[in-house]
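Below are the chains, spelled out letter by letter.
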Amino acid sequence: VARHAGYEKITTELPASNIAGEYQPSERKRRALRRALVASGFDEAISFSFIDATHEERFELLPDFVKADGDEARFVTLTNPIIEGVTRMRPTLLSGMLDAVRHNLNHGTRDVRLFETGRVFAANPERVKLPLEREAFALAATGGATEEGRAGASRELDFYDLKGALESTVDAMNLKPLRFESARVKHLREGQAAQITSSEGKAVGSIGRLDEAVAALYKFRQPVYVAEVDLSALLEMEEMPVLYTPLSRYPSVGRDVSLLVGRRVTLAEMLNRIGDEQLENCRDAKLVDVYEGANLPEGKRSVTLRMEYRS
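Residues numbered from 1 in each chain as written. Predicted model: local features only at pLDDT ≥ 70, side-chain atom pairs only at ≥ 80, totals over all residues. Heavy atoms only, no water.

Trainee: Please clarify how the sheet that holds strand β5 (residues 132-142) should be interpreted in this entry.
Mentor: One open sheet holds the 7 strands; their spatial order is β1-β4-β5-β9-β8-β7-β6, and the pairing between them is mixed. The open sheet is flanked by β1 (43-44) and β6 (179-182), the only strands paired with a single partner. Both strand β8 (residues 203-210) and strand β9 (residues 224-230) contribute to a ladder of 5 bridges, which runs antiparallel. Bridging from a neighbouring strand, Gly205 pairs with Val229 of β9. (Pairing = 2+ DSSP bridges. Helix = DSSP H or I, 4+ residues; strand = E, 2+ residues; numbered from the N terminus.)

Pasting the structure below:
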């Protein structure tokens with residue numbers, strides 16, 4: 001139409017409209033996700049939607065997405081791939097994410113923090129129908145914990161840096177907090193892996209340190225921490241209402257309590273137990289310190305919690 005009517009006749013102003021545009025709820029959540037991860041020091045990666053066919057068996061996929069029966073027909077295979085050998089539509093984002101980490105490491109960038117959002121694919125049990133698709137997002141972090149205003153890293157990144165970035169992202173999306181439970185995950189190191197579940201108990205992903213066998217395939221010489229979450233499940237969750245209350249007229253009082261507990265007792269279990277008491281004036285509880293060493297019984301550690309009380 002523009003070519004026939006004449007490009008010179010098209011003005012530079014947008015046509016008048018009395019309809020106000022707005023973001024859909026899912027788009028607001030996606031934008032909040034990106035802003036939170038960028039604020040946590042992550043860069044966004046974009047990788048191909050197709051991968052090498054040998055990659056998908058290395059990773060544990062999103063819960064309730066691909067049947068774990070070992071049948072190759074559960075994946076989507078391209079009959080005419082663009083790149084020779086790259087014949088599989090990705091069932092996970094982690095394969096492309098780790099390729100991006102390796103690319104950065106090979107070019108001398110040791111401190112890498114990346115995230116990616118995109119679709120993953122699985123074959124439909126009803127062969128006449130189109131493949132199944134879900135949105136997912138993945139995180140990968142390795143190297144030093146660089147901070148703004150500091151020339152060098154004061155420590156190495158660990159499991160809790162990635163967990164904290166994920167928690168801040170969910171908080172920015174205005175969703176209920178996720179839960180983390182120790183679990184065995186195929187591509188993660190035993191003892192440094194957790195299953196991620198929603199507040200309702202539905203499994204939505206995994207997080208942890210990359211297993212040595214998988215790290216060796218990518219020739220990683222430093223610990224790499226990864227997470228993959230079902231973004232479709234997060235987008236379906238109901239947003240929490242934002243409530244405002246006036247500031248209290250009374251000051252708060254903090255009390256530290258040190259507990260001697262078994263090494264397998266998690267912080268989440270202790271905080272949940274405090275919440276179960278439903279104390280009217282107990283406003284918050286958080287971790288202060290953990291001590292493991294001399295003068296403690298074997299298999300025990302001292303955990304100090306700080307409780308905030310306010311009328």
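Trainee: Is there a simple way to explain the sheet that holds strand β11 (residues 282-291) in this structure?
Mentor: Strand-to-strand pairing in sheets goes through backbone hydrogen bonds, with the strands running parallel or antiparallel. Ordered in space as β10-β12-β11, the 3 strands form an open sheet in which the pairing is antiparallel. Single-partner strands in this sheet number two, and they are β10 (253-262) and β11. Strand-to-strand, the axes of this sheet are offset by a mean angle of 25°, without reference to chain direction. Taken together, the 8 bridges between β11 and strand β12 (residues 300-309) define a ladder with antiparallel strand orientation. Residue pairing across strands places Lys286 opposite Arg306, the latter belonging to β12. (Axes fitted to C-alpha atoms, helices over the stretch in contact; angles between N-to-C directions.)

Trainee: Quick question: what am I supposed to make of the environment of Arg134 here?
Mentor: Tracing the sequence through the fold places Arg134 in strand β5. Measuring from C-alpha to C-alpha, the distance between Arg134 and Glu228 comes to 12 Å, with 94 residues separating the pair along the chain. Looking at Arg134, its side chain comes within polar contact range of the side chain of Asp230, at 2.8 Å. (Polar contact = N/O pair within 3.5 Å; in protein donor to acceptor, adjacent residues only side chain to side chain.)

Trainee: Is there a simple way to explain the pairing of β5 in this structure?
Mentor: Working note: regular strand, side chains alternate between the two faces of the sheet. For β5, the tally of buried residues reaches 8 of 11 residues, placing the bulk of the element in the interior. Pairing between strand β4 (residues 112-122) and β5: 11 bridges, direction antiparallel. Within β5, the residue paired with Arg113 across the bridge is Ala141. Both β5 and β9 contribute to a ladder of 7 bridges, which runs antiparallel. (Buried < 20%, exposed > 50% of the residue type's maximum accessible area, 1.4 Å probe, protein only.)

Trainee: Just checking my understanding: could you explain the environment of Ile196 for this structure?
Mentor: Along the polypeptide, Ile196 turns up in strand β7 (residues 188-197). A residue is classified by how much of its surface remains accessible, and Ile196, at 0% relative accessible area, is buried. Taking the C-alpha atoms as reference points, Ile196 and Ala183, 13 residues apart in sequence, are found 9.4 Å from one another. Setting aside its immediate chain neighbours within four residues, Ile196 contacts Leu166, Leu178, Arg179, Phe180, Lys202, Ala203, Val204, Gly205, Ser206, Ile207 and Val229. (Contact = heavy atoms within 4.5 Å.)

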